[in-house]
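Structural characterization, general
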Amino acid sequence: MELVVMADTHVPKRARDLPGALWGAVEAADVVVHAGDWVDVALLDALEKRSRRLVGVYGNNDGPELRARLPEVARVELNGLRVAVVHETGPKTRREERCAAAYGDCDLLVFGHSHIPWDSVAPGGLRLLNPGSPTDRRAQPYATYLTARVAAGRLDRVELHRLPPR
């Protein structure tokens, strides 16, 4: 099972649309995960149409229309991998410990908010992934998103993709 993981797209405020390379990855993936801050419901509609399966949550910049359609926390099982998705996890200090306490029944936690890519493992084995942002890199050198593969309850081939400057 091939995954595409994104967050903090902020379309159309930070970009008019997702980058073409990301749309190509979306269309090739089995599951697309979006960890919030969509900003406009039009992107949710477009991703629903172009994804085989979409798992998403709302973020702090998402208004009532997105919040009516998306949960604050999503929990799914993907090929035996127990996944939680949330927008915010709080400060980076002690993040692993907090997330292990809140999501210890999961194998993977996908989060956003910071626009900073993150890949770590919490006590107990929970993996934490933040894909950064494909449209608003802030202080990061590149705009980014993630791809990964899930097989038999295991996550592998996690790859951070750097997007060319706009």
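First, a word on scope: everything that follows refers to the structure included in this document. (Residues numbered from 1 in each chain as written. Predicted model: local features only at pLDDT ≥ 70, side-chain atom pairs only at ≥ 80, totals over all residues. Heavy atoms only, no water.)

1. Observations regarding the sheet that holds strand 2 (residues 31-34)
- With mixed pairing, 5 strands are arranged side by side in an open sheet as 3-2-1-9-10. What marks the edges here is a single partner per strand, and that holds for strand 3 (54-56) and strand 10 (154-163). Within the sheet, the average angular offset between the axes of one strand and its neighbour, ignoring direction, is 20°.
- One ladder, built from 3 bridges, connects strand 2 with strand 3; its direction is parallel. (Pairing = 2+ DSSP bridges. Helix = DSSP H or I, 4+ residues; strand = E, 2+ residues; numbered from the N terminus. Axes fitted to C-alpha atoms, helices over the stretch in contact; angles between N-to-C directions.)

2. Section: unusual backbone geometry
- In this structure, the amide linkage connecting V11 to the following residue, P12, adopts the cis form with an omega of 10°.
- Inspection of the secondary structure puts P12 in the loop between strand 1 (2-6) and helix 1 (20-28).
- Positive phi, normally seen in glycine, also occurs at H10, with a value near 50°.
- Of note, H10 is situated in the loop between strand 1 and helix 1.
- We note that R138 has phi near 50°; this positive angle belongs to a residue other than glycine.
- Along the chain, R138 turns up in the loop between strand 8 (127-130) and strand 9 (143-151).
- The class of R138 is partly exposed, set by a relative accessible area of 48%. (Buried < 20%, exposed > 50% of the residue type's maximum accessible area, 1.4 Å probe, protein only.)

3. Re the state of the cysteines
- Here the structure, examined in full by the defined rule, presents 0 disulfides.
- In this model C99 remains outside any disulfide bridge; the closest cysteine sulfur is found in C106, 11 Å from its own.
- Relative accessible area serves as the criterion here: at 7%, C106 is assigned to the buried category. (Disulfide = S-S within 2.5 Å.)

4. A short note on the layout of surface pockets
- Roughly 160 Å³ of volume is contained in the largest pocket.
- For the largest pocket, the full set of lining residues is P134, T135, D136, R137, P141, Y142, A143, L163, P164, P165 and R166.
- A per-class count over the lining of the largest pocket returns 7 nonpolar, 1 polar and 3 charged. (1 Å grid on protein atoms, 1.4 Å probe; cavity = no way out; pocket = protein on both sides within 12 Å on 5 of 7 lines; lining within 4 Å. Points joined across faces, edges and corners; volume = space filled by probe spheres on them. Nonpolar A, V, L, I, M, F, W, Y, C, P; charged D, E, K, R; others polar.)

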